[in-house]
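Each chain, letter by letter, is given below.
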Amino acid sequence: MMIEISQNLQLKIITKEDCKDLFTLMKEIYPLAYSHFWNDDGDWYLNSQYSKENILKEISQENAEYYFILFKDEIIGNFRIIWDDKLSNLSEEKQLKLHRIYLHPKIQGKGIGKQLMIWLEEKAKQKDYKIIWLDAMDAQPQAFQFYKKLGYNYHSHVFLPFNLMHDEVRKMSQLYKIIT
């Protein structure tokens, strides 16, 4: 099933038949942005998060949606949301988490991320959700600026526990936006 975001931008639901394609995509995208965060260039992360077993677990989660992002009919990223995942100590209102958004660097800066975030806000509003939240790597300042421009605010932070990750890049800030 395809969801039209705009004329050139669609989302396609990731199914169990897509595990290999998702792994291949992320093996191309992830290291370009994050290999320098890791002692092993991010291999452990890719092999754990994008293993067939983990992908099957993530697509079978009832309150989650996992998509390929297509631009001009080419798969250029992935997008995962989790409904009713609450950011602790924020509020009791209905919340959803943007769990993953990865775009190929060749496509960044073309407004695709912004279009996806606007679509997500509209979808959340239709379902009567009040808050969208996400984790953003502090060591990726361009991502921070992107979310800030879209109206996201700092809430708290966590440190990733991954042994192979360099200590100085482990901080993740939890950002949120109240949807009106």
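Here the structure is shown first, and the text comes after it.
J.: Provide a residue-level description of the overall build of the protein chain, including the pertinent values.
T.: On a plain count of helices and strands, the protein chain comes out with five helices and eight strands. Traced from its N-terminal end to its C-terminal end, the protein chain shows the element sequence β-β-α-α-α-β-β-β-α-β-α-β-β. Here the C-alpha radius of gyration of the protein chain, 16 Å, is about what a compact globule of 180 residues would show, namely 16 Å. Along the three orthogonal principal directions, the C-alpha set of the protein chain runs to about 40 × 35 × 30 Å. Each of the 180 residues in the protein chain was classed as buried or not, and the buried ones make up 47%. If you take every contact in the protein chain between residues at least 6 apart in sequence, the share linking residues at least 24 apart comes to 62%. Accessible surface computed for the protein chain: about 9700 Å², of which carbon and sulfur atoms make up 50%. Placing the 24 positive and 25 negative side-chain charges of the protein chain at their respective mean positions leaves the two points 4 Å apart.

J.: How would you sum up the nonpolar core? Please name residues and give values.
T.: With 31 residues, the main nonpolar core has Leu11, Ile69, Phe79, Ile112 and Leu116 as its most contacted residues. Listed by contribution, the elements that provide at least two residues to this core are strand 2 (9-13), strand 3 (64-71), strand 4 (74-83), strand 5 (95-103), helix 4 (112-126), strand 6 (131-137) and helix 5 (141-149). Residue contributions to this core peak at six residues, all from helix 4. Core analysis: the next-biggest nonpolar cluster, separate from the first, contains 24 residues, Cys19, Tyr30, Ile55 and Phe162 among them.

J.: How would you explain the environment of methionine 117 if you had to name every residue and give the values?
T.: Topologically, methionine 117 is positioned in helix 4. A relative accessible area of 0% means that methionine 117 is categorised as buried. When the C-alpha positions of methionine 117 and isoleucine 132 are compared, they lie 9.8 Å apart, and in sequence the two are 15 residues distant. In contact with methionine 117, not counting residues within four places along its chain, are Leu98, Leu134, Phe146, Tyr147, Leu150 and Tyr152.

J.: Tell me about helix 1 (residues 19-34), residues and numbers included.
T.: Under the 1.5 Å per step criterion, the end-to-end length of helix 1 is 21 Å for 16 residues, consistent within 8% with the ideal 22 Å. Every buried residue of helix 1 is accounted for by Cys19, Leu22, Leu25, Met26, Ile29, Tyr30 and Tyr34. Among the structural elements, helix 2 (43-49), helix 3 (52-60), strand 3, strand 4, strand 5 and strand 6 are those in contact with the buried residues of helix 1.

J.: Help me get a handle on helix 4, residues and values and all.
T.: An α-helix turns once every 3.6 residues. As a result, residues three or four positions apart point the same way. Look at helix 4: 21 Å from first C-alpha to last across 15 residues, which is about the 21 Å you get at 1.5 Å a residue. All of the buried residues along helix 4 are Ile112, Gly113, Leu116, Met117, Trp119, Leu120, Glu121, Lys123 and Ala124. After helix 4 finishes, the residue aspartate 128 shows a positive phi value of roughly 70°.

J.: Before we move on, could you go through the packing of aromatic side chains and cite the residues and values that matter?
T.: One pass over the full model with this rule turns up 15 aromatic pairs. Here the aromatic rings of tyrosine 67 and tryptophan 119 are separated by 6.0 Å at their centres, their planes lie at 85°, and the arrangement is edge-to-face. Here the residue tyrosine 67 occupies a position in strand 3, and tryptophan 119 occupies one in helix 4, the gap between them amounting to 52 residues. Given the relative accessible area of 2%, tyrosine 67 is considered buried. Between the aromatic rings of tyrosine 147 and tyrosine 152, the centroid separation amounts to 5.8 Å while the plane-to-plane angle is 70°, which identifies the pairing as edge-to-face. Assessed through its relative accessible area of 8%, tyrosine 147 is described here as buried. Take tyrosine 152: its relative accessible area is 4%, and that puts it in the buried class. We note arginine 80 situated over the ring of tyrosine 66; from NZ or CZ to the ring centre the distance is 5.6 Å.

Conventions and cut-offs
Each chain has its residues counted from 1, running along the sequence as written. Note on the predicted model: pLDDT of at least 70 is required for a residue's local features to be given, and 80 or more for side-chain atom pairs to be given and counted; whole-chain, interface and lining totals, by contrast, use all residues. Heavy atoms from the whole structure form the basis of all side-chain values; hydrogens and water molecules are not counted. Per the convention used, a helix needs a DSSP run of H or I reaching at least four residues, while a strand needs a run of E reaching at least two, with both numbered from the N terminus. We take the radius of gyration over the C-alpha atoms and set the globule estimate at 2.2 Å times the residue count to the 0.38 power. The classification of residues rests on relative accessible area computed with a 1.4 Å probe and restricted to protein chains. Under 20% of the type maximum is buried, over 50% is exposed, and intermediate values are partly exposed. Note on contacts: a residue pair is in contact if any heavy atoms of the two residues lie within 4.5 Å. Under the convention used here, a 1.4 Å probe and the Shrake-Rupley method define accessible areas, while residue burial counts only the protein chains that appear. The charged-residue count follows a simple rule in which Lys and Arg add positive charge and Asp and Glu add negative charge, with His and chain termini not counted at all. For the purpose of locating charges, the reference atoms are NZ of Lys, CZ of Arg, CG of Asp and CD of Glu. Residues enter a nonpolar core if they are buried and are Ala, Val, Leu, Ile, Met, Phe, Trp, Tyr or Cys, with the set joined through side-chain atoms within 4.5 Å. In a helix, the anticipated span is given by 1.5 Å times the number of residues less one. Each Phe, Tyr or Trp ring, with Trp reduced to its six-membered ring, pairs with another whose centre is within 6.5 Å; inter-plane angles below 30 degrees give stacked pairs, above 60 give edge-to-face pairs, and intermediate values give tilted ones. Charges are assigned to positions over rings by a cutoff of 6 Å between ring centre and Lys NZ or Arg CZ, combined with an angular limit of 35 degrees from the ring normal.

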